[in-house]
Amino acid sequence: MSKYSPKERITGKLVSAQEEFLKKHGILTGDLMDDNLSEEQIAGLDKDLFGLAIVDESEAERTGYSNYSYWGSTVRMFFKNKVAVFNLIVMLALVLFTFIQPHLPNQFDPNLVNYYDSKAVWFQVEDDGGYTVDGMKRTKGDYAVQPAADEILAYIQTPSSWGTPEAFAYNEEGEETQLAVSADPANRGWFYCLLSKDAPHLAVMSEDRTKSTFYDAVWLTVTGDKNAVYCSSVKQTKSELIDNVPAGKSLVYVSAPAGWGTPQVKVQGALGASSAEFIKVKPLEGEDGWYYGFFPTEKNTLILTSEDGSQKGMNRATATIGLPEEVRIVKGFIENKQPNSLFWFGTNDIGQDLWSRMWSGTRTSLFIGMVVAAIEAVVGILAGLLWGYVRKLDFLFTELYNLIDNIPSTIILMLAAYVMRPGIKTIIIAMSITGWIGLARFIRNQVLIIRDRDFNLASRCLGTPTRRVITRNLLPQMVSVVMLRMALAIPGAIGSEVFLAYIGLGLPIATPSLGNLVNKGRTMMMAPTLRYQLFIPAIILSIITICFYLVGNAFSDAADPKNHV
Amino acid sequence: MGKYVLKRFGAALLSLFIIITLIFCLLRLMPIEGYLGPNVDKLSEEVIAAKLAAKGLDKPVPVQLFNFYRNLARGDLGKSWIYRENVDIVKIIKPKIKISAKLGAMAMALSLIVGIPLGATMARSKGKWPDKLGTGFIVFLQAAPSAVYFLFIQMYATKGTGLPMLYNDSKPISWILPIISLALPSIANYGMWMRRYMVDQMNQDYVKLARAKGVSNKAVMMKHVFRNAFVPMVQTIPSSLLFTIMGSLYVESIYSVPGMGGLLIDVIQRQDNTMVQALVLIFASVGIIGLFLGDILMVLVDPRISLTGKEESR
């Protein structure tokens with residue numbers, strides 16, 4: 001049998017293929033249409049060219065009809081829409097992630113109330129000596145040592161340039177004790193030491209003692225535009241501290257904007273302006289713009305003016321040199337924490353981790369949405385087909401529709417909530433009781449349109465059973481619209497879940513859902529620092545809705561055969 | 001036509017009867033404790049019996065139902081039980097309906113004025129940037145939870161423009177934000193459907209014919225496409241207008257508008273049965289009347305549609 005199809009044999013394709021073949025092998029130099037081929041040229045020709053042309057019926061069939069496939073075209077059309085494909089990917093990633101999330105390491109239980117640790121503190125030091133200290137458990141596993149009743153376990157994290165840090169504790173009288181610091185074997189980069197509750201002021205120093213979280217000095221800076229004065233005990237100069245501080249005096253570093261000249265520093269004590277005196281500042285060697293001076297420790301209100309007195313610092317700085325910050329055990333739950341490295345989306349007002357609540361809620365909402373959509377699809381399609389196809393049932397269904405459509409769904413929901421415990425099941429049942437009728441009516445209208453078309457008439461005349469007419473003739477025509485309704489039913493169900501939470505009929509707090517997360521966040525709206533509790537669920541909810549909406553729309557466009565090219 | 005109206009009227013009465021009866025019976029399934037106030041445990045049995053008798057709850061359900069219909073036939077909706085004890089329901093609802101309908105009607109006018117031209121513009125420039133911009137706007141409005149963006153409108157608009165934050169019936173300037181909030185979702189809705197219907201019409205043969213005849217683009221759009229696309233929109237307008245009396249739960253609670261929004265939910269939760277029955281009766285009637293008026297309006301706008309034909313085209 002020839003390897004060339006009849007179509008190729010009929011069209012010029014065959015000839016040109018041969019021409020190419022011959023030219024490639026150097027047999028042919030001129031035009032194939034020249035009839036005067038030499039002997040060896042003839043010998044080089046493909047034998048198939050001269051074989052019997054056998055007609056294969058199935059092959060002929062294939063070339064005679066288009067190779068149109070409905071689903072193939074639908075998918076191809078869908079993938080032409082780049083926005084929809086992008087949304088589909090986002091949607092799939094989101095759905096997938098909600099199911100993966102609980103199995104990732106270091107996830108909190110969504111309902112776990114996180115308490116500040118009552119025995120330990122975590123002390124994180126940055127390279128410039130700034131630090132944060134709180135009771136959020138940042139290390140993994142159990143404590144390296146169990147602190148005694150009058151001790152606090154302090155975990156210390158320093159930048160790697162600090163080496164093994166040294167820790168000093170001070171009591172209220174300012175007596176210094178060095179603490180034994182050891183590295184935590186289970187957590188790289190963390191060190192721990194035991195702190196007595198009698199001496200709870202903690203300072204950390206680097207291994208070479210050049211960097212510390214606490215110095216016997218203050219650094220004053222003046223910003224250029226508003227002349228605001230900032231006071232800090234974080235070391236800002238590079239050189240070592242001036243060590244010949246006179247007794248009863250404290251060291252102050254001052255940095256002023258370029259136009260100020262040598263800043264004038266006036267100090268005053270608790271008595272106010274009557275005790276005011278100027279102190280002399282000297283430029284700091286090797287550091288541009290920095291000056292240092294000594295002020296009497298008891299007079300700690302500093303007022304800065306420029307050299308000629310024309311510029312004045314906006315605010316007074318209270319420079320206190322006392323003890324390092326007291327390390328305190330914070331009691332209670334970790335409430336309303338902004339998003340941080342431990343709680344990625346922050347915590348809510350009872351200390352639950354919003355990140356895991358978020359995904360657990362998304363999971364719940366998606367589950368509700370999908371189940372409701374599936375029930376609506378099955379019941380709605382069945383009822384809609386009966387409603388449209390069986391004329392005797394039309395009156396019954398129409399009255400039922402009027403009924404269900406006019407009874408406020410809230411009443412049905414309230415009753416469902418009384419009969420059953422509030423929960424996912426109740427919400428799904430309550431939504432499905434009323435939801436299917438909308439799709440049923442939609443299907444019914446479609447059936448009415450298609451039912452009496454000629455091809456159905458023909459089927460009926462041929463005696464095709466009704467079931468077969470419905471499943472073979474009617475249903476495939478409605479695939480695109482039904483799919484669209486399904487895609488929209490999922491965000492719709494999520495939306496009504498939000499509404500239910502709003503009116504107080506939603507899921508209990510122990511079952512996080514997008515509805516009760518948004519609702520909870522809404523109550524935090526008035527505090528600007530807590531708005532993240534509203535933003536995060538609202539954004540996720542919007543992303544889900546937009547994705548389903550756009551993908552559903554694009555798919556229904558693609559599934560419409562009118563759009564197939 | 002007259003016969004058709006009569007038939008529809010009869011069917012409407014029947015539906016109303018079934019709905020009310022059903023609601024009445026469903027409400028009787030609610031737990032008894034809900035009617036007695038917060039201190040149920042401390043009440044003696046005599047007090048409970050007396051309280052139930054005062055509300056007529058001691059009689060069997062059919063008798064209660066009969067009494068209800070007898071009063072209804074006299075035009076008496078009854079008195080509220082719990083929401084505002086022993087106040088005529090009509091008295092409670094009347095000022096609330098006025099406020100909700102006023103705001104709702106203005107919001108609807110706004111959304112029609114903005115939404116229809118928006119949809120028409122999008123359809124005319126299909127695939128170009130006004131269409132894409134409009135689609136983005138519509139998708140955002142439909143996707144973002146309205147409870148959330150209403151809050152943002154209230155917060156940032158009052159900060160930015162100095163408009164009052166709460167509704168005040170005597171100061172029309174405080175109506176602006178609630179009206180805009182009410183209008184936004186329906187602007188998106190009208191815009192979306194207007195665009196879809198117009199695009200559907202633009203692919204029809206008669207439009208091609210009109211173009212082939214040399215009718216200008218503007219005339220094709222206004223006289224042919226727009227008019228035909230507007231017909232399905234018309235059907236929903238009366239019912240949306242009538243349903244404005246239901247108010248909006250979100251908007252009214254954010255701006256403390258003393259309207260109807262949330263009233264039904266509130267009285268259901270408080271088991272104020274007479275109020276629930278009255279409200280369901282009103283809303284169901286409004287729904288049925290709205291559907292009917294929509295059908296009539298559709299006939300007026302499109303003479304080709306006949307309601308009395310063999311199959312009602314909906």
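Because the structure is predicted, anything quoted here is derived from the model rather than measured.

## Quick word on the overall build of chain A
- Broken down by element type, chain A carries 15 helices and 17 strands.
- The long-range fraction of contacts in chain A, counting pairs at least 24 apart against all pairs at least 6 apart in sequence, stands at 68%.
- With an accessible surface of roughly 29800 Å², chain A has 57% of that area assigned to carbon and sulfur atoms.

## Overview of the interface of chain B and chain A
- Counting residues at the interface gives 37 residues for chain B, matched by 34 residues for chain A.
- Summed over both sides, the interface of chain B with chain A buries roughly 3300 Å², with 74% coming from carbon and sulfur.
- One can count zero salt bridges joining chain B with chain A.
- Applying the counting rule to chain B against chain A returns three residue pairs in polar contact (both at pLDDT 80 or more).

## Notes on the packing of aromatic side chains
- The final tally for this structure, using the stated rule, is 29 aromatic pairs over all chains.
- Ring geometry for Phe499(A) and Tyr250(B): centres 6.1 Å apart, planes at 80°, overall edge-to-face. With Phe499(A) in helix H13 (residues 479–502) and Tyr250(B) in helix H10 (residues 249–254), this pair bridges two chains.
- Judged by relative accessible area, Tyr250(B) falls into the buried class, the value being 11%.

## Describing empty space enclosed by the protein
Residues and elements named next belong to chain A.
- Considering all chains together, one arrives at three cavities of 30 Å³ or more under this definition.
- Looking at the largest cavity, its volume works out to about 90 Å³.
- Surrounding the largest cavity, Asn348, Leu354, Arg357, Ile509, Asn516, Leu517, Lys520, Gly521 and Gln533 form its lining.
- Broken down by secondary-structure element, the contributors of at least two residues to the lining of the largest cavity are helix H7 (354–389) and helix H14 (514–523).
- Here the lining of the largest cavity is built from residues that sort into three nonpolar, four polar and two charged.

## A closer look at the packing of helix H6 (residues 82–100) of chain A against H7(A)
Residues and elements named next belong to chain A.
- Running from N to C, H6 and H7 point in directions that differ by 115°, and their axes come no closer than 9 Å. With respect to the hand of their crossing, H6 and H7 are arranged in left-handed fashion. Residues Leu94, Val95, Phe97, Thr98 and Phe99 of H6 lie in contact with H7, whose contacting residues are Trp355, Trp359, Thr362, Arg363 and Leu366.
- Along the lines of polarity and charge, the residues of the contact of H6 with H7 split into seven nonpolar, two polar and one charged.

## A short note on the sheet that holds strand S15 (residues 290–296) of chain A
All names here are of chain A.
- The five strands lie next to each other as S10-S9-S11-S15-S14, forming an open sheet whose pairing is mixed. Each end of this open sheet is capped by a strand with a single partner; those strands are strand S10 (229–232) and strand S14 (281–283). In this sheet, neighbouring strand axes are inclined to one another by 25° on average, regardless of whether the strands run parallel or antiparallel.
- Pairing analysis gives four bridges linking strand S9 (residues 217–222) to S10, with the strands arranged antiparallel. Of the residues in S10, the one forming a bridge with valine 222 is valine 229.

## A short note on the layout of surface pockets
Residues and elements named next belong to chain B.
- Volume-wise, the second largest pocket comes out at about 700 Å³.
- Secondary-structure elements contributing two or more residues to the lining of the second largest pocket are helix H2 (45–54), helix H3 (61–73) and helix H12 (273–301).
- At four residues, the largest contribution of residues to the lining of the second largest pocket is made by H3.
- Broken down by class, the residue content of the lining of the second largest pocket amounts to eight nonpolar, eleven polar and seven charged.

## Description of helix H15 (residues 532–559) of chain A
- For H15(A), which comprises 28 residues, the first-to-last C-alpha distance of 40 Å matches the rise-based estimate of 40 Å (1.5 Å per residue) to within 8%.
- Counting buried residues along H15(A), 22 of its 28 residues qualify, which places the element largely inside the surrounding structure.

## Some words on helix H1 (residues 2–27) of chain B
- Compared with the 38 Å implied by 1.5 Å per residue over 26 residues, the 37 Å span of H1(B) between its first and last C-alpha is a close match.
- Within the sequence span of H1(B), burial applies to Tyr4(B), Arg8(B), Ala12(B), Ser15(B), Leu16(B), Ile19(B), Ile20(B), Thr21(B), Ile23(B), Phe24(B) and Leu27(B).

## Some details on the pairing of strand S12 (residues 264–268) of chain A
- Sheet topology places S12(A) next to strand S16 (residues 301–305) of chain A; five bridges connect them, and they run antiparallel. Bridge pairing links Gln264(A) to Thr305(A) in S16(A).

## Brief notes about unusual backbone geometry
- Positive phi is not limited to glycine here, since Asn336(A) has a value of about 50°.
- Mapped onto the secondary structure, Asn336(A) falls in the loop between strand S17 (317–318) and H7.
- The partly exposed category is assigned to Asn336(A), whose relative accessible area is 25%.
- At Ser256(B), a residue that is not glycine, the phi angle is positive and equals roughly 40°.
- Looking at where Ser256(B) falls in the secondary structure, it is placed in the loop between H10 and helix H11 (263–269).

## Some points on the environment of Pro102(A)
Residue and element names in this part refer to chain A.
- Along the chain, proline 102 falls in the loop between H6 and strand S1 (120–125).
- Residue proline 102 is classed as partly exposed on the basis of its relative accessible area, which comes to 38%.
- Note: C-alpha distance between proline 102 and isoleucine 404 (302 residues apart in sequence) is 40 Å.

## Considerations on the domain arrangement of chain B
All names here are of chain B.
- Taken domain by domain, chain B consists of domain 1 (2–88 + 263–291) and domain 2 (92–261).
- Contact with domain 1, which involves 17 residues of that partner, is made by twelve residues of domain 2.
- For the domain 1 and domain 2 pair, buried surface summed over both sides reaches about 1300 Å², with 79% attributable to carbon and sulfur atoms.
- Among the residues domain 1 hides against domain 2, the three largest losses belong to Leu263, Phe283 and Val286. Together they make up 41% of the total.
- Counting every contact that joins domain 1 to domain 2 gives zero salt bridges.
- Where domain 1 meets domain 2, there are four residue pairs in polar contact (both at pLDDT 80 or more).
- Ranked by residues supplied to the side of domain 1 that touches domain 2, first place goes to H12 with nine residues.
- When grouped by side-chain class, the residues that make up the side of domain 1 that touches domain 2 number twelve nonpolar, three polar and two charged.

## Points about the pattern of salt bridges
- Under the definition given, this model contains nine salt bridges over all chains.
- Between Asp394(A) and Arg444(A) there is a salt bridge, with its nearest N and O atoms 3.4 Å apart. In this pair, Asp394(A) sits in helix H8 (residues 394–406) while Arg444(A) sits in helix H10 (residues 424–451), placing the two residues 50 residues apart along the sequence.
- The buried category is assigned to Arg444(A), whose relative accessible area is 13%.
- For Asp266(B), the salt bridge identified is with Arg270(B), shortest N-O distance 3.4 Å.
- We classify Asp266(B) as partly exposed; its relative accessible area is 23%.
- With relative accessibility at 36%, the residue Arg270(B) sits in the partly exposed group.

What counts and how
- Residues numbered from 1 in each chain as written.
- Chains lettered and ligands numbered in written order.
- Predicted model: local features only at pLDDT ≥ 70, side-chain atom pairs only at ≥ 80, totals over all residues.
- Heavy atoms only, no water.
- Helix = DSSP H or I, 4+ residues; strand = E, 2+ residues; numbered from the N terminus.
- Contact = heavy atoms within 4.5 Å.
- Areas by Shrake-Rupley, 256 points an atom, 1.4 Å probe, with all protein chains shown as cover.
- Buried area = accessible area lost by both parts, 1.4 Å probe.
- Salt bridge = Lys/Arg side-chain N within 4 Å of Asp/Glu carboxyl O.
- Polar contact = N/O pair within 3.5 Å; in protein donor to acceptor, adjacent residues only side chain to side chain.
- Phe/Tyr/Trp six-rings, centres within 6.5 Å; stacked < 30°, edge-to-face > 60°.
- Buried < 20%, exposed > 50% of the residue type's maximum accessible area, 1.4 Å probe, protein only.
- 1 Å grid on protein atoms, 1.4 Å probe; cavity = no way out; pocket = protein on both sides within 12 Å on 5 of 7 lines; lining within 4 Å.
- Points joined across faces, edges and corners; volume = space filled by probe spheres on them.
- Nonpolar A, V, L, I, M, F, W, Y, C, P; charged D, E, K, R; others polar.
- Axes fitted to C-alpha atoms, helices over the stretch in contact; angles between N-to-C directions.
- Left-handed = near helix turned anticlockwise from the far one by under 90°.
- Pairing = 2+ DSSP bridges.
- Expected span 1.5 Å × (residues − 1).
- Domains from an automatic or database assignment.

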